[in-house]
Amino acid sequence: TSSVMTKENGFPHKPLASKWEDQTTLVRQWHELLPGVIVFPLPFAAPENERLKEHSPTGELVADTFLDELFIVLKEADKHVLLSGCTHHGIVQVLDYCTTEHFIHHFHLVLGGLHLAGTDETAIKKQIAQCATFDIEKFALNHCTGQLAFDLWSEAFKHKVITAKAGETITI
């Protein structure tokens, strides 16, 4: 039995995805899609989470590794903006990867969700302490961050935190 999951970077696995091959780019590593627009997955699995499952080719429910989760870095001059959906890997792991592997040491903005809804206060505060070691000017956090995490993040980082609501325009 194959251990390959039925999806890859959001597309159903071959052969279905092959019909879009001429219109898509399969991103498996740090990739500059356009000048100043970098798309990348993390090259390691997200921590296992019992609440997040996907179907294996045999139909069994297994932990989702989120190897298909993509992130975007927008780069203009000395400004770097990190965009994420839900950051299932954890924001600290994403920031660490950008810093250690791609030498981005300053983030003008981190925009997206932190996937901390339902997480206990101690674990959130641990991530806050770790994030404080990175040079980040501003956070724009969306719904999957969770209200408790948003409140704690706002308390810790004060004026550096804003909400990122669907349809909202955020000037970079």
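Scroll up for the structure.
In this text the structure is predicted, and so the values were computed from the model without any measurement.

### What about the packing of aromatic side chains?
In step 1: In the structure shown here, the tally under the stated rule is seven aromatic pairs.
In step 2: A ring pair is formed by Phe139 and Trp153, whose centres lie 5.9 Å apart and whose planes are at 85°; its orientation type is edge-to-face. Linking Phe139 in strand S10 (residues 139–141) with Trp153 in helix H3 (residues 147–157), this pair joins segments that are 14 residues apart in sequence. There is no split in this pair, since Phe139 and Trp153 are both buried.
In step 3: On the basis of an interplanar angle of 45° and a centroid distance of 4.9 Å, the ring pair of Phe139 and Phe157 is categorised as tilted. Of this pair, Phe139 sits in strand S10 while Phe157 sits in helix H3, and the two are 18 residues apart along the sequence.
In step 4: Looking at Phe139, the relative accessible area reads 0%, which means it is buried.
In step 5: With a relative accessible area of 11%, Phe157 lands in the buried category.

### Digging into the nonpolar core
A general trend in soluble globular proteins is that nonpolar side chains are found buried together.
In step 1: Core analysis: the biggest nonpolar cluster contains 30 residues, and Phe40, Leu82, Ile91, Leu95 and Trp153 have the highest contact counts within it.
In step 2: Contributing elements (two or more residues each) for this core: strand S4 (37–41), strand S7 (70–76), helix H1 (91–102), helix H2 (121–131), S10 and H3.
In step 3: Contact partners of Leu82, with chain neighbours within four places excluded, come to Phe40, Phe71, Ile72, Val73, Ile91, Val94, Leu95, Cys98, Phe107, Leu109, Val110 and Leu111.

The rules we used
Residues numbered from 1 in each chain as written. Predicted model: local features only at pLDDT ≥ 70, side-chain atom pairs only at ≥ 80, totals over all residues. Heavy atoms only, no water. Phe/Tyr/Trp six-rings, centres within 6.5 Å; stacked < 30°, edge-to-face > 60°. Helix = DSSP H or I, 4+ residues; strand = E, 2+ residues; numbered from the N terminus. Buried < 20%, exposed > 50% of the residue type's maximum accessible area, 1.4 Å probe, protein only. Core = buried A, V, L, I, M, F, W, Y, C linked by side-chain atoms within 4.5 Å. Contact = heavy atoms within 4.5 Å.

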